[in-house]
Amino acid sequence: MQKSKKSIAKLILAIMVIFALAVPMSGVAFAAEDGVASMEIAPDDLTAPAAPGEGPAVEGEMPAVDEMPAVDTEAPAEDAEAEEETNKFMNSFWALVPPIIAIGLALITKEVYSSLLIGIIFGALLSSSFNFTKAIDNLVNEGFISAVSGTAGIFIFLVLLGIVVALVNKCGGSYAFGQWAQKHVKSKTGALLASCALGCLIFIDDYFNCLTVGSVMRPVTDAKNISRAKLAYIIDATAAPVCMIAPISSWAAAVSDFASGTGLNGYELFVKAIPYNFYSLLTIGFIIISTLMKVEFGPMKLHEANAAKGDLFTTGDRVEAVEDDPNAKGKLIDLVLPIIVLIITCVWGLLYVGGMFDGGVTLQDAFANTDATVGLPLGAFVATVVIVVYLIARRVIGFKEAMECVPKGFISMVPAILILTFATTLKNMTGLLGADQYVHDLMEGAAEGLQSFLPAIIFLVACLLSFATGTSWGTFGILIPIVAAIFEPTDELLYIGMSACLAGAVCGDHCSPISDTTIMSSAGAQCNHINHVNTQLPYAIFVAAISFVGFVISGFVQNIYIVLPLMFVILFLALLLIKVVGKKKA
């Protein structure tokens, strides 16, 4: 109770400080507005002058149109431009301060909602030059409303996935799979590798990956005393990193679209960049090698030690879902078939939105032209209807029980939807502050005289930008045109630099507590969000450090057949060193 009171007090104090700063600085703006307000016409002045030969003017009648003073219609646009120029916080390091505040508070207080809200409020104040009225307008219209409207498709997809998971649980499919897995997955190592393999197989989209792998593998990992934080890490590590090296995925389509705007063949550029994407490849290697070597370090080591004793959470809220009594009618097919249906319909939805069935559109073009925020909800809706009909036809659940799963699935996704809304709003605030222009200027300055080191520099910049904004798509959307402009189209460094951009975007997204995939990985594993961030951060930084070395070497040795095997050797030796040092300390 005392901790709760202290947290509330800290939150109130922080908000008071922000508003205390806002009010004095907004005084000038209010004064200017008051100056305009003083020019308003009083009702008594609305008396039109009498024309010659006419009676007295009628009180309250407006002057004729041709007698009205001319209005300068260009003034508002000029004022807006002038206001943008005078905002000293625009296109500067201040654009990254709101997410830095939010991330710092989230890691310190371990409370994500208030941390994000404080970051959003501070971003709104900066974007308005501490004009209180405009800050509120930015907060509501450019922030929350824009965030909800822009991510409505993802919200629908999350809710539909939640309903599917609730249906599978209700019919006993998850319970049947857990019983099967306990007989066939004999060890903790097997459960971890099975989770990794399933994550790699679902490469179509990271959102779909996060929630599907979590719902399927959670009963198995729980039975083998694997911590929820460890499961969340595996889900997160096989979501965006795997999608980024999959030629057929929503990520490949997005990258191709961004790159095609530079005049290059976007899809070809994406495919040729895959071998140099050290972060994605090494992350998968890290999971496999560390699992086989049984190496744990950082906060994850404590979580795994506690899980071995039966405590799967260690700290934070026990966000475990309340399950109904298992349905004895459920069979393994009641889990496998819904997942297969969901995969098929989601792929169909992506291709349909991409124009695949309109004629004359290739598979590659369909994925390049698709919109995951439309295609995935479409596919998930069709899958939900098919699954409901199938389960009722099998008589494992009735219509009333199926409908009970609708609110239950929605409720299970509320935390993810809330955090996603807050995170997207924070990203909108950084956009208002011109974060993209600031990073563009940084990259142009770094390009002079550092040609061979550019891949490593691009990787670092992409990491930091993605970490601060919580969006990998937004990051490579900003950096891909810059990278394409820096290198010659025939230069091998173009592919290395593009890989560094994509790898850095995934790395920062993987680490960031405000990333959508990080949030949904926590939801999929039913793990406390801050626990997930704290435990996976050392692992992600470890792989990122080795990846950075790889990009430094690649700038000079532009041969993937030499550099990639060398990176895996370094990864193995580094893990071996950690294991040896850990045994000595023990």
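Keep in mind that what you see is a predicted model, and the values were worked out from it rather than measured.

Reading the values: rules and limits
Residues numbered from 1 in each chain as written. Predicted model: local features only at pLDDT ≥ 70, side-chain atom pairs only at ≥ 80, totals over all residues. Heavy atoms only, no water. Helix = DSSP H or I, 4+ residues; strand = E, 2+ residues; numbered from the N terminus. Buried < 20%, exposed > 50% of the residue type's maximum accessible area, 1.4 Å probe, protein only. Contact = heavy atoms within 4.5 Å. Areas by Shrake-Rupley, 256 points an atom, 1.4 Å probe, with all protein chains shown as cover. Phe/Tyr/Trp six-rings, centres within 6.5 Å; stacked < 30°, edge-to-face > 60°. Salt bridge = Lys/Arg side-chain N within 4 Å of Asp/Glu carboxyl O. Core = buried A, V, L, I, M, F, W, Y, C linked by side-chain atoms within 4.5 Å. Polar contact = N/O pair within 3.5 Å; in protein donor to acceptor, adjacent residues only side chain to side chain. Patch = residues over 30% accessible without salt bridge, like charges linked within 9 Å, V, L, I, M, F, W, Y side chains within 5 Å. Axes fitted to C-alpha atoms, helices over the stretch in contact; angles between N-to-C directions. Parallel < 35°, antiparallel > 145°, perpendicular 65-115°, else oblique. Left-handed = near helix turned anticlockwise from the far one by under 90°. Nonpolar A, V, L, I, M, F, W, Y, C, P; charged D, E, K, R; others polar. Disulfide = S-S within 2.5 Å. Expected span 1.5 Å × (residues − 1). Bend = angle between axes of the 7 residues up to and from the residue.

1. A short note on the overall build of the chain
Logical step 1: Tallying secondary structure elements over the chain gives 27 helices and zero strands in all.
Logical step 2: Taken across its 586 residues, the chain has 50% of its residues classed as buried.
Logical step 3: Long-range pairs, those at least 24 residues apart, make up 78% of the contacts in the chain between residues at least 6 apart in sequence.
Logical step 4: Summed over all atoms, the accessible surface of the chain reaches about 26500 Å², with 67% contributed by carbon and sulfur.

2. Quick word on the environment of alanine 124
Logical step 1: Its location among the elements puts alanine 124 in helix α5 (residues 112–127).
Logical step 2: Between the C-alpha atom of alanine 124 and that of asparagine 428, which follows or precedes it by 304 residues, the distance is 9.5 Å.

3. Focus on the environment of alanine 135
Logical step 1: The topology assignment puts alanine 135 in helix α6 (residues 132–150).
Logical step 2: Alanine 135 sits in the buried class, given a relative accessible area of 4%.
Logical step 3: Put simply, alanine 135 and phenylalanine 122 are 13 residues apart on the chain and 9.1 Å apart in space, counted from C-alpha to C-alpha.
Logical step 4: Excluding residues that lie within four positions of it along the chain, alanine 135 makes contacts with Ala124, Leu125 and Ser128.

4. Quick word on the packing of aromatic side chains
Logical step 1: Enumeration according to the criterion identifies 16 aromatic pairs in this entry.
Logical step 2: Seen in terms of ring centroids, phenylalanine 286 and phenylalanine 297 are 6.4 Å apart; in terms of plane orientation they differ by 80 degrees. Their pairing is edge-to-face. Of this pair, phenylalanine 286 sits in helix α15 (residues 278–293) while phenylalanine 297 sits in the loop between α15 and α16 (299–308); the two residues are 11 residues apart in sequence, bridging distant segments of the chain.
Logical step 3: Look at phenylalanine 453 and phenylalanine 556: their rings are 5.2 Å apart centre to centre, the planes differ by 80 degrees, and that puts the pair in the edge-to-face class. Separated by 103 residues along the polypeptide, phenylalanine 453 in the loop between α21 (435–446) and α22 (454–469) and phenylalanine 556 in helix α26 (residues 529–556) bring together distant segments of the chain.

5. Brief notes about the pattern of salt bridges
Pairing is possible between side chains that carry opposite charge, provided their charged atoms lie close to one another.
Logical step 1: Per the counting criterion, the structure on display carries five salt bridges.
Logical step 2: In this structure, aspartate 222 engages arginine 228 in a salt bridge whose closest nitrogen and oxygen atoms are separated by 2.7 Å.
Logical step 3: For aspartate 222, a relative accessible area of 19% puts it in the buried group.

6. Some details on the nonpolar core
Logical step 1: Formed by 158 residues in total, the largest nonpolar core has its most connected members in Leu167, Phe278, Tyr279, Phe286, Phe459, Phe476 and Leu575.
Logical step 2: Broken down by element, the residue count for this core peaks at 13 residues, all from helix α24 (residues 492–511).
Logical step 3: The contacts of leucine 575, once residues within four sequence positions are left out, are Phe286, Ile289, Ser290, Met293, Val295, Phe297 and Phe542.

7. Quick word on helix α11 (residues 228–237)
In an α-helix, one turn spans 3.6 residues, which is why side chains three or four residues apart end up on the same side.
Logical step 1: For α11, a buried count of 10 out of 10 residues is recorded, marking the element as mostly surrounded by other parts of the structure.
Logical step 2: Listed as buried for α11 are Arg228, Ala229, Lys230, Leu231, Ala232, Tyr233, Ile234, Ile235, Asp236 and Ala237.

8. What to know about the side chain of aspartate 334
Logical step 1: Within the secondary structure, aspartate 334 sits in helix α17 (residues 333–353).
Logical step 2: Take aspartate 334: its relative accessible area is 0%, and that puts it in the buried class.
Logical step 3: Separated by 3.0 Å, the side chains of aspartate 334 and tyrosine 390 make a polar contact.
Logical step 4: Within the structure, aspartate 334 has its side chain in polar contact with the side chain of arginine 394 (distance 2.7 Å).

9. A closer look at a nonpolar patch on the surface
Logical step 1: Judged by side-chain polarity, Val569, Phe572, Leu573, Leu576 and Val580 come together as a nonpolar surface patch covering roughly 400 Å² of accessible area.
Logical step 2: Locating leucine 573 in the fold gives a position in helix α27 (residues 560–585).

10. With respect to the packing of α15 against α26
Logical step 1: At a closest axis distance of 9 Å, the pairing of α15 and α26 adopts a crossing angle of 135 degrees. Looking at the two axes, α15 sits oblique to α26. The two elements α15 and α26 cross, and the hand of that crossing is right-handed. Every residue of α26 that contacts α15 at Phe278, Tyr279, Leu282, Thr283 and Phe286 is listed here: Tyr539, Ala540, Phe542, Val543, Ala544, Ile546, Ser547, Gly550, Phe551 and Ser554.
Logical step 2: Considering only residue class, the contact of α15 with α26 consists of 11 nonpolar, four polar and no charged.

11. Thoughts on the state of the cysteines
Logical step 1: Within the structure shown, the criterion is met by zero disulfides.
Logical step 2: Free cysteine cysteine 511: the closest other cysteine sulfur is in cysteine 507, separated by 4.3 Å.

12. A word on α26
Logical step 1: A rise of 1.5 Å per residue sets the reference length of α26, with its 28 residues, at 40 Å; its end C-alpha atoms lie 40 Å apart and thus fit the reference within 8%.
Logical step 2: At glutamine 536, α26 shows its largest bend, some 35 degrees, and a proline, proline 538, comes one to four positions later.
Logical step 3: Measuring from the side-chain oxygen of the N-cap residue of α26 to the backbone nitrogen of isoleucine 530 gives 3.2 Å; that N-cap residue is asparagine 528.

13. With respect to the environment of alanine 239
Logical step 1: Within the secondary structure layout, alanine 239 lies in the loop between α11 and α12 (240–243).
Logical step 2: The residues contacting alanine 239, other than those within four sequence positions of it, are Asp206, Asn209 and Cys210.

14. Considering unusual backbone geometry
Logical step 1: Phi at asparagine 91 takes a positive value of approximately 55 degrees, unusual for a residue other than glycine.
Logical step 2: The residue asparagine 91 is located in the loop between α3 (75–86) and α4 (97–109) in this model.
Logical step 3: Classification of asparagine 91 as partly exposed rests on a relative accessible area of 35%.
Logical step 4: Not every positive phi belongs to a glycine, and serine 129 is a case in point at roughly 55 degrees.
Logical step 5: Tracing the sequence through the fold places serine 129 in the loop between α5 and α6.
Logical step 6: According to the relative accessible area criterion, serine 129 is partly exposed, its value standing at 29%.

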